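# Observations on the three-dimensional arrangement
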Amino acid sequence: MEDDGTLRCDLLSECDDLLRRSDQETLGRAPKGHAHAGQTPLRWKLRESDGAGRGIENALSGRIPKSGLGRAGLEHRMLNSNKTTSKGVKLSVGIADMVVVKGCNQEIITHALGSCVGVTIFDPIAGVGGLLHYMLDRPRTEARASEHPVAMYATLGVPELFREAYKLGATKERMIVCAAGAAEMLGHGSALKIGKRNQVMLRKLLWKNDITLVAEDTGGSDARTMSLSMRSGAVDIHCRNSRSTLWTP
Amino acid sequence: MDSLTERLRQLDQLPAEPGVLVELSVALSQLEVSSAEIERIISLDSALALAVLRRSNSAAYGASSCTSSLCDAVTRLGKSDLLRIAAAQLREGPLDDAGRSYGLHSGEAWRAARAGALAAASIGTRTDLAAPGVCFTAALLRDCGKLAMDYLVAVGELESALIARPADANMIELERSAFGFDHAEVGAELALQWGLSIELAEAIRHHHAPPSEGGCPLVDIVHCADAVCSMLGLGVGLDGLGYPLDADAQGRLGLGLEEMYFYMSELAVELEGLDPAC
């Protein structure tokens, strides 16, 4: 990676505190909007009122959105509790999206990981688990970071994934972390190595915070579907019509 | 080539041509186009005309009065919304079910087509090398050959080949060696049979492998838009990301790492706004 130095500098400045519990959480104060966090999946999405989806209009009219799509990731979208507790319903995680749950027996799943990376965390004692589907290693500018969902980037999404799990009672020491994705296209154009950058950034983040990546299925050119069973903590990978277990207790 | 063309002609079932969409997008990409001309094109397709009228009378446009005039509706909606509506109509048709042999579920090919179209239009706008409307249409139809592959190749044959492929296999070469043709070539032939322009057909033909010499910006744009979608996992099935990303095409468009980050992130945001399921 030709810009490893840059990546490292970015990480060093913030990494030490990235995945720690905050004082607020340690004192047991319930964060705003978490009255039902014990049972309810939390999900991060774009705000609906921010005008997302106007890009093609801007493109066709010669304008590119400069800003104002809104900072997602600060808003927690509660899923319908009836839906989430019904048997057989899976919690689907989209691109640049994440879900953290506690106390349910459902499966969290994300489909078609290309160069993106799926990260699962699971605390078997607290019964807390989550899945993040990020697409890029880090925002290239501060401005971009403020416009996009935190779950779009490893440097923002991974810390947020852990923090939200802490809020539901998980602890770093018990967390089982798995990853999948980071595929690359073929040819010289793949010198961009976006998949590799995503993978390396995750490893750096975890390493700097003394967290072990228990299992990973990354690289190559296959698309993967990743799922986390909240019942057992098992992580499965679906690739080319075959299913394999990445991690199981 | 003749045999492929002939085989396509002999197929009993082939998707209806998306001609109105193509004609509409080409017209909308022109700077000087009259609303009467747009109205004429839309009126060729009754379902499209109905969709345009319904949309123009929706609360989203704050219409104080209901219009039944297609001309008024066209003026009210504007270019980009007209293209969106036309593309949505296509979903009801062939693309929604394309790519079964590639392991794609219903709707996945459509989502990838739309995502590629959005990315291509954005690249066309920023690079100013091709009309965004044409980029949109070419990228929207780039994988129409996958639909025809479902008909041309025996059930399960392509799927088996894709599952058994080596990890670093080039999918285009694999398809050619297994069947004598690939989906990009099939798509181009299909486009010509639909009566689409040679420009669009060539963009479809080369969307996985832009010619190294005498490159056409439209081809390069569709190729890079396809790559953006693949890296986001859109429309990626059993074939995975097993297509080459052409560095020369990237270079001709000036798409470095920063730009690819830009297009990937913008596309994700756009898709989020368009379709919560995406």
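Criteria and cut-off values
Residues numbered from 1 in each chain as written. Chains lettered and ligands numbered in written order. Predicted model: local features only at pLDDT ≥ 70, side-chain atom pairs only at ≥ 80, totals over all residues. Heavy atoms only, no water. Helix = DSSP H or I, 4+ residues; strand = E, 2+ residues; numbered from the N terminus. Buried < 20%, exposed > 50% of the residue type's maximum accessible area, 1.4 Å probe, protein only. Contact = heavy atoms within 4.5 Å. Areas by Shrake-Rupley, 256 points an atom, 1.4 Å probe, with all protein chains shown as cover. Core = buried A, V, L, I, M, F, W, Y, C linked by side-chain atoms within 4.5 Å. Pairing = 2+ DSSP bridges. Axes fitted to C-alpha atoms, helices over the stretch in contact; angles between N-to-C directions. Parallel < 35°, antiparallel > 145°, perpendicular 65-115°, else oblique. Left-handed = near helix turned anticlockwise from the far one by under 90°. Phe/Tyr/Trp six-rings, centres within 6.5 Å; stacked < 30°, edge-to-face > 60°. Lys NZ or Arg CZ within 6 Å of the ring centre and 35° of its normal. Nonpolar A, V, L, I, M, F, W, Y, C, P; charged D, E, K, R; others polar. pLDDT = per-residue confidence, 0-100.

## Some thoughts on the overall build of chain B
Counting its secondary structure elements, chain B contains 16 helices and zero strands. Within the span of chain B, comprising 278 residues, buried residues form 60% of the whole. Sequence separation of 24 or more characterises 67% of the internal contacts of chain B that already satisfy a separation of 6 or more. Roughly 10,700 Å² of accessible area belongs to chain B as shown, and the carbon and sulfur atoms make up 50% of that amount.

## Some thoughts on the nonpolar core
Membership of the largest hydrophobic core comes to 132 residues, with the highest contact counts inside it found for M135 of chain A together with I42 and L267 of chain B. Take this core: its biggest share by element is eleven residues, from helix α7 (residues 108-127) of chain B. Setting aside residues no more than four positions away along its own chain, I42 of chain B makes contact with L24, L48, A49, V52, L70, V74 and L82 of chain B. In terms of nonpolar packing, the next biggest core, distinct from the first, is built from 28 residues, V119, A126, L132 and I211 of chain A among them.

## A look at the sheet that holds strand β12 (residues 242-247) of chain A
All names here are of chain A. Here five strands make up an open sheet; going across it, the order is β3-β5-β10-β11-β12 and the pairing mixed. Since the sheet does not close on itself, it has two edges, and those belong to β3 (91-93) and β12, each with one partner. Each strand axis lies, on average, 25° off the axis of its neighbour in the sheet, ignoring direction. Direction of pairing for β3 relative to strand β5 (residues 107-113): parallel, over a ladder of three bridges.

## Details of unusual backbone geometry
Look at A182 of chain A: it is not a glycine, yet its phi comes out positive at around 60°. Its place among the elements puts A182 of chain A in the loop between β8 (176-181) and α7 (194-208). Unlike most non-glycine residues, D128 of chain B shows phi in positive territory, near 60°. You can see D128 of chain B is positioned in the loop between α7 and α8 (132-140).

## Considerations on the packing of α8 of chain B against helix α13 (residues 198-205) of chain B
Residue and element names in this part refer to chain B. At a closest axis distance of 9 Å, the pairing of α8 and α13 adopts a crossing angle of 50°. Relative to α13, the element α8 is oriented oblique. Along this stretch, α8 crosses α13, giving a crossing that reads as right-handed. Two secondary-structure elements touch here, α8 through V134, T137 and A138 and α13 through E199, L200, A203 and I204.

## Focus on the side chain of S229 of chain A
Mapping S229 of chain A onto the fold places it in strand β10 (residues 224-229). When near neighbours in sequence (up to four residues on either side) are disregarded, S229 of chain A contacts Q106, E107, F122 and A234 of chain A.

## Examining the pairing of strand β7 (residues 128-134) of chain A
Residues and elements named next belong to chain A. Of all seven residues in β7, seven are buried; the element is thus mostly enclosed. In β7, alternate side chains face the same way, and those of V128, G130, L132 and Y134 on one face and G129, L131 and H133 on the other are all buried. Pairing of strand β4 (residues 97-102) with β7, which is carried by six bridges, proceeds in the antiparallel orientation. When the bridges of β7 are listed, M98 appears paired with L132. Bridge analysis of strand β6 (residues 117-123) against β7 gives seven bridges, and the strand direction is antiparallel. The residue of β7 that forms the bridge with I121 is G130.

## Description of the environment of L255 of chain B
Residue and element names in this part refer to chain B. Assignment of secondary structure puts L255 in the loop between α15 (247-253) and α16 (257-274). A relative accessible area of 5% places L255 in the buried class. Separated by 132 residues in sequence, L255 and I123 have C-alpha atoms that sit 9.2 Å apart. Residues within four places of L255 in sequence aside, it is in contact with I123, C224, Q250, M260 and Y263.

## Things to note about the packing of aromatic side chains
Scanning the entire structure with this criterion turns up two aromatic pairs over all chains. Measuring from centroid to centroid gives 5.3 Å for F262 of chain B and Y263 of chain B, while their planes differ by 80°, and the two rings are edge-to-face. Sitting over the face of the ring of Y261 of chain B, R140 of chain A holds its NZ or CZ atom 4.5 Å from the ring centroid. A cation sits over an aromatic face here: K146 of chain B above Y102 of chain B, 4.7 Å from the ring centre.

## Side note on the packing of α7 of chain B against α8 of chain B
How two helices pack is summed up by the angle between their axes together with the distance between the axes. All names here are of chain B. One way to put it is that α7 packs onto α8 with a least axis distance of 7 Å and a crossing angle of 155°. By the angle between their directions, the pair α7 and α8 is classed as roughly antiparallel. The handedness of the crossing between α7 and α8 is right-handed. Packed against α7, whose contacting residues are W110, A113, R114, G116, A117, L118, A120, A121, G124 and T125, the element α8 presents P132, C135, F136, A139 and L140 at the interface. The class makeup of the residues in the contact of α7 with α8 is eleven nonpolar, three polar and one charged.

## A short note on the confidence of the model for chain A
Per-residue pLDDT for chain A averages 72, and the proportion of residues at 70 or more is 62%. Here residues 1-16 of chain A is modelled with pLDDT under 50, and outside its nearest four sequence neighbours on either side it reaches 25 contacts, counting other chains as well.

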